[in-house]
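# Reading the structure
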Amino acid sequence: MPDSVEPAIWHGHLEALDRHQAFVNFIFARKGPDRVKWMQTSGKPLFEQYGEFHGYCGIVSDITAQIKAERRTETLANAIEQFSYMFVLWEQDDRFILSNQNSKELNRAVIETTEPGTFFETHIRAGLEKNLFPEAVGQEEEWFQERLERQRTLSNCDAVTDNGCFGTSSIIQMAPSIRFPATFPQSKTSSPSKQTVE
């Protein structure tokens, strides 16, 4: 049994093979001479006219890069939960990637716009529609454009707190060079600082 596969999943896969059943997206690690590769395979059983089993026709994909990316994301997600302030990660094109629980709680009125892939513009527009930004009243469009510009310059972003006021969050935005300029506000255990994470 491969070390990368849980016993229950492995035995289920073997049972499917014994029964000549199709299987989809079975993932396992394969050790090579220089490194470990993660593979994903799917197969469809082949039968002759009278039902005789003749093997499988399938496809195998190397998903090593995907697995590594998922692990990095999981590690980051676990780390940002330790922060006492909001933390939000946006993609280079201003699509939402992830945030910590503090951010989710402070933005629960527009929680549907904090799903991965959501544009920052959509998130802020939703807040405006629910009157979550008091300072924008009477100048919504002007305030909206200014807010987008601040996002583009990687400034600290505003967030709606439980009482309708503004809080401060950390924002990390992916740049073309795969560096993350980040400004961290003062927390309960640290002072304001700027750092670049490789």
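Residues numbered from 1 in each chain as written. Predicted model: local features only at pLDDT ≥ 70, side-chain atom pairs only at ≥ 80, totals over all residues. Heavy atoms only, no water.

### Thoughts on helix α1 (residues 7-18)
Side chains that are three or four residues apart share a direction in an α-helix, a result of its 3.6 residues per turn. Heads up, the rule is: Counting from the N terminus, the helices are DSSP H or I runs at least four residues long and the strands are E runs at least two residues long. For a helix, the expected span equals 1.5 Å multiplied by the residue count minus one. Only protein chains enter the accessibility calculation, which uses a 1.4 Å probe; a residue whose area is less than 20% of its type maximum is buried, one above 50% is exposed, and one in between is partly exposed. The arc under discussion is defined with respect to the helix axis, by the directions toward the C-beta atoms. Contacts are assigned to residue pairs that have any heavy atoms within 4.5 Å of one another.
Between the first and last C-alpha of α1 there are 16 Å, a value that for 12 residues agrees with the 16 Å anticipated at 1.5 Å per step. For α1, the full list of buried residues reads Trp10, His13 and Ala16. Burial along α1 is one-sided: seen end-on, the buried residues are contained in an arc of 120°. Projecting away from the buried face of α1 at angles above 90 degrees are the exposed residues Ala8 and Asp18. The inward-facing, buried residues of α1 contact β1 (23-31) and β3 (53-62). In the stretch just after α1, histidine 20 is the one whose phi turns positive, near 60°.

### So, the pairing of β3
The test is simple: Only strands joined by at least two bridges in the DSSP assignment are considered to pair.
Here strand β2 (residues 36-47) runs beside β3; their pairing, made up of 8 bridges, is antiparallel. Note on β3: the bridge partner recorded for lysine 44 is cysteine 57. Linking β2 to β3, which pair antiparallel, is a turn of 5 residues; within it glycine 51 sits at a positive phi near 90°.

### Examining the pairing of β1
Alignment of β1 against β2, held across 7 bridges, turns out to be antiparallel. Pairing of phenylalanine 28 across the sheet is with methionine 39, part of β2. Here β1 folds back onto β2, and the loop between the two strands holds 4 residues.

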